[in-house]
Every structure is written in structure tokens, then in C-alpha cells.
Amino acid sequence: MSVLFFMFFSIPYLLLGSWWFFIVSLMIAFFVFFNTFWFSDFYSMMSYSFGGDILSMSMIFLSFWIVMLMMVASYLIYKNDNFPLEFMFVNLFLLLFLFLSFSTTNLFLFFVFFESSLIPTLFLIFGWGYQPERLNAGYCFLFYTLIASMPLLLCILYIDKVSVSLFYFLIDLEVNFYVYMSLIMAFLVSMPMIFVHFWLPKAHVEAPISGSMILAGVLLKLGGYGLMRVLYFIYEYSVVCNHFFISLSLFGMVLVGILCMYQTDIKSLIAYSSVAHMGMVLCGLFTLNSWGYTGALMLMIGHGLCSSGLFCLANIIYEKSHSRSFYINKGLIVFMPSMSLFWFILSANNMASPVSVNLVGEVMLINSVMGWSSLSLVFLGVSSFLSCCYSIFLYSYIQHGRLYSGIMGFGFNSCREYILVFLHIVPLNILILKCDLFDFCI
């Protein structure tokens, strides 16, 4: 409840319009709540049916961190006076809905807050997006999620009638194919799974940097979090049907890896790589073992920081060259040698190299999927190889080569940009020292 009170008392301060005060207050709040939480594998700090365990609090801390960095990355909105007060309010309410989604223990309330988080994100895309095509991207993002969520709402009402409880761990019902599909479909679209992922590249390309960061950093993780909660009480039936989704995700990881190799837009490549990583998370979750669950949580946190950092770097280039095309942004190591180091670190982390959290997460997930079927080695091997290929392609094509002659001027990097990327890299590569923290189910 203290987090809720903090957010509500932040509203009067926002009316003062102090951009940096809001950022600093978010950072202080993160460290205060981080140091007061008792990291345990069961729900603690319960209050009015809200509380947290390792899984939910990890996602809440990730949300706080990403929203704080969103504000730092969107400084041009404040500098150009592009409705900064409204932007701060949208971000605060988005953080509020995300916090409520991750901390509730009630399935219906989770659904309400899960859907509510779409509205501020839609405002970010519509209000501060780039091209007129953002309207189409926003509609795709909204309706894909809403249409898939309608069966989930009906199923929650059915569960309430049959089980008489919507508390995650007290739900007891006979699961059939329709209940199973209704419960997982909304989360598969939100992650997204291959073949229902078409909204994601559109939304990423048209969204502002803040929209891309929150989409990649937290909103994709809502799907994985929802699946973890739902699979608790449909375990017996899901053993029968999960093999279809694991097979589809394994195939999708290879397919998306090939798609990444011929992208011409930087943000589009990073967006498609998110689909491949979430496919790996899906495989781990649907194997229904402890290694898969723990690896999925670690990869979600690692991918949230890594992908968000890559979008920040892409935005830094876009603000200077006004293009996201690979053909125009070449040879940038001449202008930004220090940023080139950050590009290399995040590109390496994107392919799950040491010493990032992604490495431990992917190793655990590969073990989990291999335990399910040794034949999956072929798809896992090819997708890992393609992950290395497109990560190296992303780095080398931008940093090396002949400089585009059409660039007449190229501004210097500011201290804010270095701090922004540094605050993505530090937790991403430090958390591996304490990765036993995430063993909530081993």
C-alpha cells in the first residue's frame, strides 16, 4: 500500500511540472521499496488482497526502473515543450496500472489492470508517435489484445461461478479445451507468440522511444507473468496440450531469426528479436518444470533491460540522423566511439553472452526444453545461431562501413544519453552475481 500512496501523492508534485524531480523521486522510490521488500518465494506484505512474491516483485521493480528511464530518454519532449505535463501523467498512470497488475492476487482484478495498462500505452503511441501510420499501429495493438482478452473475461466469470474463488492458489475447476484456450490466448497475444505477433513490429516502429521501452521492457512480460499464474491451476490439462505451443514456438524462433536477417529498419530488427526471445520464454513455461519457470523469469528481466537499452541507442541515432535505416546509419564509430562500446555490449547481451542475466536464463531454458524433447536441439541450435547472426549484423552494419554522404551535421552526445544506456547495462550485467534470487520454484 505504501507504493500506492507514493503514486497518489506524486500527482500534486506533477502539477508543478518538474521533469527532473519526477525522475529523481521515481529512482528514490525504487531504492526505498527495493530495500524494504522481504525477498521470499511466497506472498508477503499482504494488504487488501495485494502483495508480492519473487515473481511479482521482480516485475514491479523492473516496471519502476523502466518508467524512470523512459522519462530520461524522452527529455526532448520536455525540451521542445511537447505537452510534458500530460506525458508525465500518462507515465505515472501506466506505472500505477502495472504495479496493480503485478501485485494483485485476484484473477479478475489482474484482468482489469492488465487491460487498463493498454490505455496509457495507446496514448503514448497516438500522442507522441512519429508518423501518421501510428494510428494504424495503435489500433492493431489495441484490437489484437482486446479480441484475445474477451474469452479470458468470460472464462474468469465461469471460474468465479464454479470455483467460488478467484484467488490464484484457491482456484479449483475441471479444465477442458475451451477453458484452457480462453485462459492462455490473451497472454499468448500479449507476449506475443509467432503468428499473433503482427501488432508488435508496427507498434514498436511507430511508437516514441518511451512507448518502445515500456512495450519491450514490461508489457511483453505481462503475458509471461499471466501464463505463470494461470498454469498453476490448469496444470493437469495443460500437460496434454502444451506440446503444440512448444512446437510452434520452436519453429517461430527460427522463422523470426531469419526474418531479422533482412530487416532494413533498426527498430524493426530489435522488435522482431523480442518475438524470438519471447518464443524461448514460452517454450520454457510450457514445459512446466522448475528450470523452465526460473529461466523464463530471468530471461524476461534480462530481455526487458537489454531490449529497452537497444531501443534507447536506436533513438539516440534517430535524433541525430533523423533516420532508422541501416543504409543511412553506417560508419557511426567515427562519430560515436563511446556509444559504439555500448552498442557492442548490448548487442552481445542480446545474443546471451556472458556476463548478462540473459545467459543464465537461456541456459536454463535450453535445459528445460531439452528435457522435454531432445529433438528440440535442432531448433534451439539454429535459433541461437541466428540470434548471434542478427546481433552481430545489427552492431557491425551500423558502426562500420562508409559514412553516408547525405549527413550534413551530427550533434555530440550528451551526458544524459550515456547515463541512460549505462543504467540499462549495469543491472543487466550485475544481476548475474545474485541470480539465485530468482529461484522461486526450485
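Predicted model, so just to flag it, every value in this text is computed and none were measured.

**Remarks on the overall build of the protein**
The number of helices and strands found in the protein is 18 helices and 2 strands. Compactness check: the protein gives a C-alpha radius of gyration of 21 Å against a globular reference of 22 Å for 442 residues, within 12% of the reference. If one aligns the C-alpha atoms of the protein with their principal axes, the spans along those axes are about 65 × 55 × 40 Å. For the protein, with 442 residues in total, the buried portion stands at 62%. Just so you have it, the protein exposes about 17,200 Å², and 72% of that area is on carbon and sulfur atoms. Of the side-chain charges in the protein, 13 are positive and 17 negative, and the distance between the mean point of each set is 14 Å.

**Overview of the packing of helix α10 (residues 199-206) against helix α13 (residues 266-286)**
Two elements in contact, α10 and α13, have axes separated by 9 Å at closest approach and are oriented at 145 degrees. Read as a crossing pair, α10 and α13 show a hand that is right-handed. Note on element contacts: α13 touches α10 through Lys267, Ser268, Ala271, Tyr272, Ser274 and Val275, opposite Leu200, Pro201, His204 and Val205. Its residues assigned to classes, the contact of α10 with α13 comprises 6 nonpolar, 3 polar and 1 charged.

**Thoughts on empty space enclosed by the protein**
Here the structure, examined in full by the defined rule, presents 4 cavities of 30 Å³ or more. In this structure, the largest cavity spans a volume of roughly 90 Å³. As for the largest cavity, its lining consists of Met253, Gly257, Ala276, His277, Met280, Glu362, Ser383, Ser384, Ser387 and Tyr390. Every element with two or more residues in the lining of the largest cavity is listed here: α12 (235-260), α13 and α17 (377-399). If you tally residues by element for the lining of the largest cavity, the top one is α17, at 4 residues. When its residues are assigned to classes, the lining of the largest cavity shows 4 nonpolar, 5 polar and 1 charged. Empty space within the second largest cavity amounts to approximately 70 Å³. The set of elements that each furnish at least two residues to the lining of the second largest cavity consists of α8 (134-163) and α11 (209-230).

**Here we look at unusual backbone geometry**
With an omega dihedral of -5 degrees, the bond running from methionine 191 to proline 192 counts as a cis peptide bond. Backbone torsion omega between proline 354 and valine 355 reads 5 degrees, so that peptide bond is classified as cis. Take valine 355: it is sitting in the loop between α15 (337-350) and α16 (357-372). For aspartate 81, which is not glycine, the phi torsion reads 55 degrees and is therefore positive. For aspartate 81, the position within the fold is in the loop between α4 (75-79) and α5 (84-103). Owing to a relative accessible area of 60%, aspartate 81 belongs among the exposed residues under this scheme. The phi torsion at valine 164 lies on the positive side, around 60 degrees, for a residue other than glycine. Inspection of the secondary structure puts valine 164 in the loop between α8 and α9 (177-190).

**Some remarks on the packing of aromatic side chains**
Applying the stated criterion across every chain yields a total of 34 aromatic pairs. The interplanar angle of 75 degrees and the centroid separation of 5.3 Å between the aromatic rings of phenylalanine 244 and phenylalanine 245 together place this pair among those described as edge-to-face. Residue phenylalanine 245 is classed as buried on the basis of its relative accessible area, which comes to 5%. An aromatic cluster is built from Phe30, Phe31, Phe34, Phe61 and Trp65, whose rings are joined through pairwise contacts.

**What to know about the layout of surface pockets**
Taken as a whole, the largest pocket encloses approximately 460 Å³ of empty space. Considering the residues around the largest pocket, the lining is formed by 18 residues, among which Phe30, Phe34, Phe61, Pro427 and Leu431 are closest to the centre. Residue assignment for the lining of the largest pocket shows that the elements contributing at least two residues are α2 (19-36), α3 (54-73), α14 (290-321) and α18 (415-430). Class assignment for the residues of the lining of the largest pocket results in 16 nonpolar, 1 polar and 1 charged. By volume, the second largest pocket amounts to about 290 Å³. Leu76, Ile77, Tyr130, Asn315 and Glu319 are the residues nearest the centre of the second largest pocket, which is lined by 15 residues in total.

**Section: the pattern of salt bridges**
Scanning all chains against the criterion turns up 4 salt bridges. In this structure, arginine 229 and aspartate 53 form a salt bridge, with 2.9 Å as the shortest nitrogen-oxygen distance. Taken together, the positions of arginine 229 in helix α11 and aspartate 53 in the loop between β2 (50-52) and α3 put the pair 176 residues apart, joining distant regions of the chain. Using a relative accessible area of 5% as the deciding quantity, one classes aspartate 53 as buried. Ionic pairing is found between glutamate 417 and arginine 416, a salt bridge with its closest N-O pair at 3.8 Å.

**Quick word on the environment of cysteine 241**
Structurally, cysteine 241 is set in helix α12. Overall, the relative accessible area of 14% leaves cysteine 241 in the buried class. For cysteine 241 and methionine 181, which are 60 residues apart along the polypeptide, the C-alpha to C-alpha distance reads 9.7 Å. Dropping the residues within four chain positions of it, cysteine 241 is found in contact with Phe177 and Tyr180.

**Notes on the packing of α10 against α11**
The N-to-C vectors of α10 and α11 enclose an angle of 140 degrees; their axes lie 8 Å apart at closest approach. Here α10 is positioned oblique relative to α11, judged by the angle of their axes. Facing Trp199, Leu200, Ala203 and His204 of α10, the residues of α11 in contact are Ser212, Leu215, Ala216 and Leu220.

**Focus on the environment of serine 212**
Here serine 212 is to be found in helix α11. Measuring from C-alpha to C-alpha, the distance between serine 212 and threonine 121 comes to 9.5 Å, with 91 residues separating the pair along the chain. Other than its neighbours up to four places away in sequence, serine 212 contacts His204, Ala207, Lys267 and Phe311.

**A word on the nonpolar core**
Formed by 164 residues in total, the largest nonpolar core has its most connected members in Phe64, Ile214 and Phe286. Ranked by the residues each element gives to this core, the list is headed by α3, at 17 residues. Leaving out residues up to four positions away in the same chain, isoleucine 214 has contacts with Ile66, Val67, Met70, Leu94, Leu98, Thr121, Leu124 and Leu219.

The rules behind these values
- Residues numbered from 1 in each chain as written.
- Predicted model: local features only at pLDDT ≥ 70, side-chain atom pairs only at ≥ 80, totals over all residues.
- Heavy atoms only, no water.
- Helix = DSSP H or I, 4+ residues; strand = E, 2+ residues; numbered from the N terminus.
- Rg over C-alpha atoms; globule rule 2.2 N^0.38 Å.
- Buried < 20%, exposed > 50% of the residue type's maximum accessible area, 1.4 Å probe, protein only.
- Areas by Shrake-Rupley, 256 points an atom, 1.4 Å probe, with all protein chains shown as cover.
- Lys, Arg positive; Asp, Glu negative; His and termini not counted.
- Charge placed at Lys NZ, Arg CZ, Asp CG, Glu CD.
- Axes fitted to C-alpha atoms, helices over the stretch in contact; angles between N-to-C directions.
- Left-handed = near helix turned anticlockwise from the far one by under 90°.
- Contact = heavy atoms within 4.5 Å.
- Nonpolar A, V, L, I, M, F, W, Y, C, P; charged D, E, K, R; others polar.
- 1 Å grid on protein atoms, 1.4 Å probe; cavity = no way out; pocket = protein on both sides within 12 Å on 5 of 7 lines; lining within 4 Å.
- Points joined across faces, edges and corners; volume = space filled by probe spheres on them.
- Phe/Tyr/Trp six-rings, centres within 6.5 Å; stacked < 30°, edge-to-face > 60°.
- Salt bridge = Lys/Arg side-chain N within 4 Å of Asp/Glu carboxyl O.
- Parallel < 35°, antiparallel > 145°, perpendicular 65-115°, else oblique.
- Core = buried A, V, L, I, M, F, W, Y, C linked by side-chain atoms within 4.5 Å.

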